[in-house]
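Residues per chain, in single letters:
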2 protein chains.
Amino acid sequence: MSKPPSPEPRRTLTLRDVSEASGVSEMTVSRVLRNRGDVSETTRERVLEAARRLGYVPNKIAGALASQRVNLVAVIIPSLSNMVFPEVMTGISDTLEDTGLQPVVGVTNYSPDREESVLYEMLSWRPSGVIIAGLEHTEAAQAMLAQAGIPIVEIMDIDGNPVDSAVGISHRRAGRQMAEAIIAAGYRNIAFLGTMMPYDHRARKRLEGFEEALAKAGLVLVDREFYSGGSALLKGREMTEAVLTRSPQVDFLYYSNDMIGAGGLLYCLHKGIDVPGQIGLAGFNGVELLDGLPRKLATMDACRLEIGRVAAEIIAGKHPSGQIGGEVIELFPTLQKGDTIRG
Amino acid sequence: MSKPPSPEPRRTLTLRDVSEASGVSEMTVSRVLRNRGDVSETTRERVLEAARRLGYVPNKIAGALASQRVNLVAVIIPSLSNMVFPEVMTGISDTLEDTGLQPVVGVTNYSPDREESVLYEMLSWRPSGVIIAGLEHTEAAQAMLAQAGIPIVEIMDIDGNPVDSAVGISHRRAGRQMAEAIIAAGYRNIAFLGTMMPYDHRARKRLEGFEEALAKAGLVLVDREFYSGGSALLKGREMTEAVLTRSPQVDFLYYSNDMIGAGGLLYCLHKGIDVPGQIGLAGFNGVELLDGLPRKLATMDACRLEIGRVAAEIIAGKHPSGQIGGEVIELFPTLQKGDTIRG
DNA sequence: CTGGGCTATGTTAGCGGTAACGGCAGCGAT
DNA sequence: ATCGCTGCCGTTACCGCTAACATAGCCCAG
């Protein structure tokens, strides 16, 4: 593989190279490249031409050290492979787009220890802000966030005490609302199917809110089934089969996410079960995927895009509230009954 | 929101703070914190204790500038919201895990210009390597890659000329193979349904290979349908309906990805079409999702995890081939006939 | 023609670390 | 006693860039 005939892969270029090539001081080159300060049009062009010709790429490491400013925003999330966080990312990226800030993602795989170390790693690059999923962190992580001296936004969830700002929905309330809708529709033998991950606090809170509302109506879950890992769609089928076999009296299945709910829905339809007459179904997240299903699954959207958008606005200091930090912004998901809750 | 009662949000800590707190030189602190060089056990502990107590987080910006070493690997991909790149990311992360290297993702949304600017931005942080999707880049991007002086790995595709190394599959060959299997199964009236994105070169190459094999058998596509954006599952349904309405003679539908293929499959099953008797279906990617479908869609896995793994190994300099760079590693996807190709 | 206020550019001093080298005990071998 | 180690730690000189200030023309009011 012969590389293109570059004269010599010489050491990487610096401002000095550009300054020499264009006959001005390094400072002037720096000013041109950052569009800062006054530079005459003719020098500007001479400098730009030289930079382009040499293929100069500025060294942000040196720049950041000198200016004590870093245009990075640390974004720490549990996973990229479900449908929810990529959409949050989209909201963040879109909003950051024209602020000069850039998101840098770290993935924790729902592990608190990994979260701690990812956070440490990212903070060591001195970002201008942190967006981090959830309100539950290790003690050390909490301390780092509190001491960082930069805006912190905890996203997705507001049931707890944020370090600084928070943007999200109340999962407890979401669980409650869904339970109320289900009860109102006349279902009484309700089962829960969800993830077992010990650290998915938001799924846990939804379940808590759900059971709370059931209790208020004098009901308890008739059955529950948990899973971890694997193809969510397939797991949804399997779990549904397991529950329906074990507890034939069940008339409603509440899933902790849409993906397994979709699996359950496909299973029920395949089995010829009357949905929502005989059995009702509901999921959580409001993922786009559902639009393509034979029947629309009842769900609640989690305001993912909006969460990303608002979090980014807070970091960029352009949130309408105008506050400096320490705000808790609650968003309100809407319940979409779809075709799988009767009434 | 009162913060925890930290005595004073004082300026951020430096090595000097730790060195004063532990009564040794900054250099020694640096050595302890990096586990490098000889330090007596007692001083090491004194330093660590002080660092922990103060909550010191090293400044990698300064460190990187001084040492001319950055433990970041730039990963530049078109999207995070389909199922393919997250899995590549997983392969990369897993492999980088114990090398001290850290991936940093940039997303281009399939836009060459955005790719160029993301690349520029990332190179300005002087990463130790670049993993970038595809072989097609703007001229400027090509130049930057060639000049960067660090290992570059272009992933997913090997039908073209890599700047340095490449890891991927031949999409042209993949398209050909699928066509051959379809023809061998006796289908003759074949339609293509896929993405319209002008910059999805890999989908384009698959289609090219596909048509090439058809031609060799004296066949041409009976129909074709393109889309962009929206819920892939839903689009799959809609496109399938459109094609079947327009060209009732069609007996095979080749989709450019599994997601729209799944939508098509659900549509066909819903319409009571005999699959694979009356109509056969095939997708591409081998996503886990398919496992949960009522019938398994024929597909070809794209070796996503493996691609990520190998790319990361090359960057980390621990690929078995032992070469320094400039290698092209072709992986071979396997065709899974599933339940949607007869025979 | 002179001082003040531009504008366009250069100079100086770090930013917070680390590479490279230097120094100095302590200690066994000669 | 001398030498040469090795183990531990400090000093010095940057890394490549930018904030802050200094400087040099230049124009115009007084």
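Residues numbered from 1 in each chain as written. Chains lettered and ligands numbered in written order. Predicted model: local features only at pLDDT ≥ 70, side-chain atom pairs only at ≥ 80, totals over all residues. Heavy atoms only, no water.

Glancing now at the sheet that holds strand 1 (residues 72–77) of chain A. Residue and element names in this part refer to chain A. The strand order 2-1-3-4-5-11 describes an open sheet built from six strands, whose pairing is parallel. Edge strands, defined here as strands with exactly one partner in the open sheet, are strand 2 (102–107) and strand 11 (328–330). Ignoring strand direction, the axes of neighbouring strands in this sheet form an average angle of 15°. Where strand 4 (residues 152–157) lies against strand 5 (residues 165–169), five bridges are found, and the strand directions are parallel. Paired with Val153 across the bridge in strand 5 is Ser165. (Pairing = 2+ DSSP bridges. Helix = DSSP H or I, 4+ residues; strand = E, 2+ residues; numbered from the N terminus. Axes fitted to C-alpha atoms, helices over the stretch in contact; angles between N-to-C directions.)

At an RMSD of 0.1 Å, chain A and chain B line up after a rotation of 180° and a shift of 0.1 Å along the axis. One copy is carried onto the other by what is essentially a two-fold rotation axis. In terms of proximity to the rotation axis, the leading residue of chain A is Ile61 of chain A, whose C-alpha is 2.8 Å off the axis. A symmetric contact is evident, with 100% of the interface residues of chain A recurring at the interface of chain B. (Least-squares fit on C-alpha atoms with pLDDT ≥ 70 in both. Contact = heavy atoms within 4.5 Å.)

With that out of the way, let us pick up a positive patch on the surface. Residue and element names in this part refer to chain A. Taken together, the side chains of Arg31, Arg34, Arg36 and Arg69 define a basic patch exposed on the protein surface. Residue position: Arg36 is located in the loop between helix 2 (26–34) and helix 3 (41–54). On the basis of relative accessible area, Arg36 is assigned to the partly exposed category, the value being 46%. (Patch = residues over 30% accessible without salt bridge, like charges linked within 9 Å, V, L, I, M, F, W, Y side chains within 5 Å. Areas by Shrake-Rupley, 256 points an atom, 1.4 Å probe, with all protein chains shown as cover. Salt bridge = Lys/Arg side-chain N within 4 Å of Asp/Glu carboxyl O. Lys, Arg positive; Asp, Glu negative; His and termini not counted. Charge placed at Lys NZ, Arg CZ, Asp CG, Glu CD. Buried < 20%, exposed > 50% of the residue type's maximum accessible area, 1.4 Å probe, protein only.)

Turning to empty space enclosed by the protein, a few remarks are in order. Going through the model one piece at a time under the given rule, you end up with two cavities of 30 Å³ or more. The calculated volume of the largest cavity comes to roughly 180 Å³. Around the largest cavity, the lining is made up of 16 residues, and of these Glu115, Ala133, Glu136, Tyr199 and His201 of chain A lie nearest the centre. At the level of elements, strand 1, helix 6 (112–123) and helix 9 (201–216) of chain A are the ones that each hand at least two residues to the lining of the largest cavity. Along the lines of polarity and charge, the residues of the lining of the largest cavity split into eight nonpolar, four polar and four charged. Composition of the lining of the largest cavity by domain shows at least three residues from each of domain 2 (69–168 + 305–329) and domain 3 (171–301) of chain A. In this structure, the second largest cavity encloses a volume near 40 Å³. Looking at the second largest cavity, the residues that line it are Leu233, Leu266, Leu289 and Leu293 of chain A together with Leu233, Leu266, Leu289 and Leu293 of chain B. For the lining of the second largest cavity, the per-class residue count stands at eight nonpolar, no polar and no charged. (1 Å grid on protein atoms, 1.4 Å probe; cavity = no way out; pocket = protein on both sides within 12 Å on 5 of 7 lines; lining within 4 Å. Points joined across faces, edges and corners; volume = space filled by probe spheres on them. Nonpolar A, V, L, I, M, F, W, Y, C, P; charged D, E, K, R; others polar. Domains from an automatic or database assignment.)

Purely spatial values, then, with no claim about function.
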